[in-house]
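Residue strings, one per chain:
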Amino acid sequence: MRANRTLEFGTGLFVLLGFAALVFLTTQLPASGLKLGNGKTGYQVVAKFDNIGDLKPGSPVSMAGVRIGDVQSIRFDPQDYKAAVTLRIDNSFNMIPDDSDASIQTQGLLGGKYIGIGPGGSEEYLKDGSTIPFTQSAIVLESLVNKFFANMASRGSESSGGSSGQSSSGN
């Protein structure tokens, strides 16, 4: 009877600690995807990319490591076959040159995607409805790994094919 009560107490304590850990992790998550109401103001600009990877609406937009806005929406543009990404930039960042570039970057090794803006040198600035002319698409880890293994496989077949050809011609 005593062992049963100890087991029940241990199970209850384990469940309670699990809920506490869940609450802690929830408070540590970035709030980029959890929005009840968007009270932020700003202007919208569009950047078009060949490949957005797993970029999502709500992802950060940053410049020099400082968050200046977020991704509002992503749609496919059927005229030039690219992903058109609408960015909301806070009004306090209203002096970004209109020849700036946008690139999709990764937070850490396996982190989420965000858009980094590099400043241009123009005297004119981005405004509501502008398009960022220079973009760099996301680097997709899977395609890099596939290219690496394809390269290694082709090198392996060349070296094994070349050495057998040399030994047979030498005999």
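Scroll up a little and you will see the structure.
About the cut-offs
Residues numbered from 1 in each chain as written. Predicted model: local features only at pLDDT ≥ 70, side-chain atom pairs only at ≥ 80, totals over all residues. Heavy atoms only, no water. Helix = DSSP H or I, 4+ residues; strand = E, 2+ residues; numbered from the N terminus. Buried < 20%, exposed > 50% of the residue type's maximum accessible area, 1.4 Å probe, protein only. Contact = heavy atoms within 4.5 Å. Areas by Shrake-Rupley, 256 points an atom, 1.4 Å probe, with all protein chains shown as cover. Phe/Tyr/Trp six-rings, centres within 6.5 Å; stacked < 30°, edge-to-face > 60°. Pairing = 2+ DSSP bridges.

**Student:** Which parts of the structure should I look at to understand the overall build of the protein?
**Tutor:** Helices and strands together make up the secondary structure of the protein, namely two helices and eight strands. What you see in the protein, going N to C, is helices and strands ordered as α-β-β-β-β-β-β-β-β-α. The buried share of the protein, reckoned over its 171 residues, is 24%. A sequence separation of at least 24 residues applies to 64% of the contacts in the protein between residues at least 6 apart. Element-wise, carbon and sulfur atoms account for 60% of the exposed surface of the protein, whose accessible area totals about 11900 Å².

**Student:** It is not clear to me how the packing of aromatic side chains should be interpreted in this structure. Could you clarify?
**Tutor:** Aromatic ring pairs: the centre-centre distance and the angle between the two ring planes describe each pair. Per the counting criterion, the structure on display carries two aromatic pairs. Judged by centre distance (5.4 Å) and plane angle (65 degrees), the ring pair of Phe148 and Phe149 falls under edge-to-face. Overall, Phe148 belongs to the partly exposed group, its relative accessible area being 48%. Phe149 sits in the exposed class, given a relative accessible area of 54%.

**Student:** What am I meant to see in the pairing of strand E3 (residues 66-77) here?
**Tutor:** Here is the key point about a regular strand: its side chains alternate between the two faces of the sheet. The sheet contact formed by strand E2 (residues 60-63) and E3 spans four bridges and is antiparallel. Pairing of Met63 across the sheet is with Val66, part of E3. The antiparallel hairpin formed by E2 and E3 contains two residues in its connecting segment, where Ala64 sits at a positive phi of about 55 degrees. In terms of strand pairing, E3 meets strand E4 (residues 82-90) through eight bridges, oriented antiparallel.

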